[in-house]
Amino acid sequence: PEWLARGLAGMTDTSAKRLSGSVGIFREDGGTWAAWKYESHTAFRQKLAAKNGRSVTANLFVHRDLFETYGTFDDQLLSGGDFEWNGRLQDQGVSLAYREEVRVMHPARASMGEIARKYRRVVGGHAMVARRNKTSGIFLFRTMMPPVGLVKQLRRDGLSVRDLVFCGV
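Residues numbered from 1 in each chain as written. Predicted model: local features only at pLDDT ≥ 70, side-chain atom pairs only at ≥ 80, totals over all residues. Heavy atoms only, no water.

S.K.: When you look at the overall build of the protein chain in this model, what are you seeing that I'm missing?
M.R.: Helix and strand counts for the protein chain stand at nine helices and three strands. Starting at the N terminus and ending at the C terminus, the protein chain contains elements arranged as α-β-α-α-β-α-α-β-α-α-α-α. Taking all 169 residues of the protein chain together, the buried fraction comes to 37%. Excluding contacts between residues fewer than 6 apart, the proportion of contacts in the protein chain whose partners are at least 24 apart in sequence is 76%. Only carbon and sulfur atoms are counted for the fraction: they give 57% of the accessible area of the protein chain, which is about 10,400 Å². (Helix = DSSP H or I, 4+ residues; strand = E, 2+ residues; numbered from the N terminus. Buried < 20%, exposed > 50% of the residue type's maximum accessible area, 1.4 Å probe, protein only. Contact = heavy atoms within 4.5 Å. Areas by Shrake-Rupley, 256 points an atom, 1.4 Å probe, with all protein chains shown as cover.)

And the structure:
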């Protein structure tokens with residue numbers, strides 16, 4: 001309920017032009033336990049993304065003039081226009097702050113099938129950006145490699161070995 005007030009306060013108490021907040025995952029009625037469990041550990045890793053100057057728009061505040069200066073999201077992408085847009089701003093040195101207390105809740109996907117469809121869409125969007133930036137070879141290499149960094153991060157986050165194996169499967 002205090003999300004908007006906290007976000008506006010966060011924009012006021014920082015010199016950053018963008019503010020990212022945390023995204024909690026909840027299970028809706030009818031959603032599977034497996035999908036909720038997976039997304040509760042892997043979806044919307046805002047704190048980690050913010051360290052790299054990125055954010056998804058599930059929880060992002062920005063000054064309007066950024067759209068006037070840098071344009072809008074790339075609507076030609078299958079997915080990830082928000083992430084790509086934030087990358088452009090990061091490349092231009094536009095600051096991003098992160099506040100844990102600026103929190104929203106997002107429903108988990110209802111099934112593992114929905115997660116697979118989302119993953120294909122997101123990877124497709126990243127592939128389009130890689131092709132445009134002529135980094136397709138690097139993108140393909142990273143996509144084919146096991147997600148070692150994610151596994152290490154999840155372990156540091158305190159994910160149990162059992163849950164880690166579940167997310168890996």
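Structure's up, so let's keep going.
S.K.: Would you mind showing me how to read the pairing of strand E1 (residues 18-26) here?
M.R.: Looking down a regular strand, the side chains alternate between one sheet face and the other. By the criterion of burial, E1 is predominantly enclosed, with eight of the nine residues buried. Alignment of E1 against strand E2 (residues 60-62), held across three bridges, turns out to be antiparallel. Pairing of Ser-20 across the sheet is with Leu-60, part of E2. Bridge analysis of E1 against strand E3 (residues 96-107) gives eight bridges, and the strand direction is parallel. Bridge pairing links Leu-19 to Ala-97 in E3. (Pairing = 2+ DSSP bridges.)

S.K.: Looking at this structure, I do not really get the packing of aromatic side chains. What am I missing?
M.R.: Two measures describe an aromatic ring pair: the distance that separates the ring centres and the angle between the ring planes. Applying the stated criterion across every chain, the model contains four aromatic pairs. Three or more aromatic residues joined by ring pairs form one cluster here, namely Phe-67, Phe-73 and Trp-85. Sitting over the ring of Phe-44, Lys-118 keeps its end group 5.5 Å from the ring centre. (Phe/Tyr/Trp six-rings, centres within 6.5 Å; stacked < 30°, edge-to-face > 60°. Lys NZ or Arg CZ within 6 Å of the ring centre and 35° of its normal.)

S.K.: How do you make sense of the environment of Ala-108 when you look at a structure like this?
M.R.: Among the secondary structure elements, Ala-108 is positioned in the loop between E3 and helix H6 (112-132). In sequence terms Ala-108 and Glu-28 are 80 residues apart; their C-alpha atoms lie 7.2 Å from each other. Every residue in contact with Ala-108, bar those within four places of it in the chain, is listed here: Ile-25, Phe-26, Ala-35, Trp-36 and Glu-39.

S.K.: Teacher, can you tell me more about the sheet that holds E1 here?
M.R.: Backbone hydrogen bonds are what pair the strands of a sheet, in a parallel or an antiparallel way. Taken together, the three strands give an open sheet; going across it, the order is E2-E1-E3, and neighbouring strands pair in mixed fashion. If you trace the sheet from one side to the other, it starts and ends with E2 and E3, each paired once. Recorded for the sheet is a direction-independent mean angle of 25 degrees between the axes of neighbouring strands. (Axes fitted to C-alpha atoms, helices over the stretch in contact; angles between N-to-C directions.)

S.K.: Hey, could you run me through the nonpolar core in this one?
M.R.: Where a protein is soluble and globular, its nonpolar side chains tend to be buried together. Ala-50, Leu-60, Leu-66, Trp-85, Leu-89, Val-94, Leu-96 and Tyr-98 together form the largest nonpolar core, which totals eight residues. Looking at this core, the elements with two or more residues in it are helix H5 (81-91) and E3. The residues contacting Trp-85, other than those within four sequence positions of it, are Leu-60, Val-62, Leu-66, Phe-67, Tyr-70, Gly-71, Thr-72 and Phe-73. Counting residues in each nonpolar core, the second largest holds seven residues, with Ile-25, Ala-43, Val-104 and Ala-108 among its members. (Core = buried A, V, L, I, M, F, W, Y, C linked by side-chain atoms within 4.5 Å.)

S.K.: Just checking my understanding: could you explain H5 for this structure?
M.R.: Where H5 is concerned, the buried positions are Gly-81, Asp-82, Glu-84, Trp-85, Asn-86, Gly-87 and Leu-89. The inward-facing, buried residues of H5 abut E1, E2, helix H4 (65-70) and H6. Just past H5, the residue Gly-93 takes up positive phi, approximately 80 degrees.

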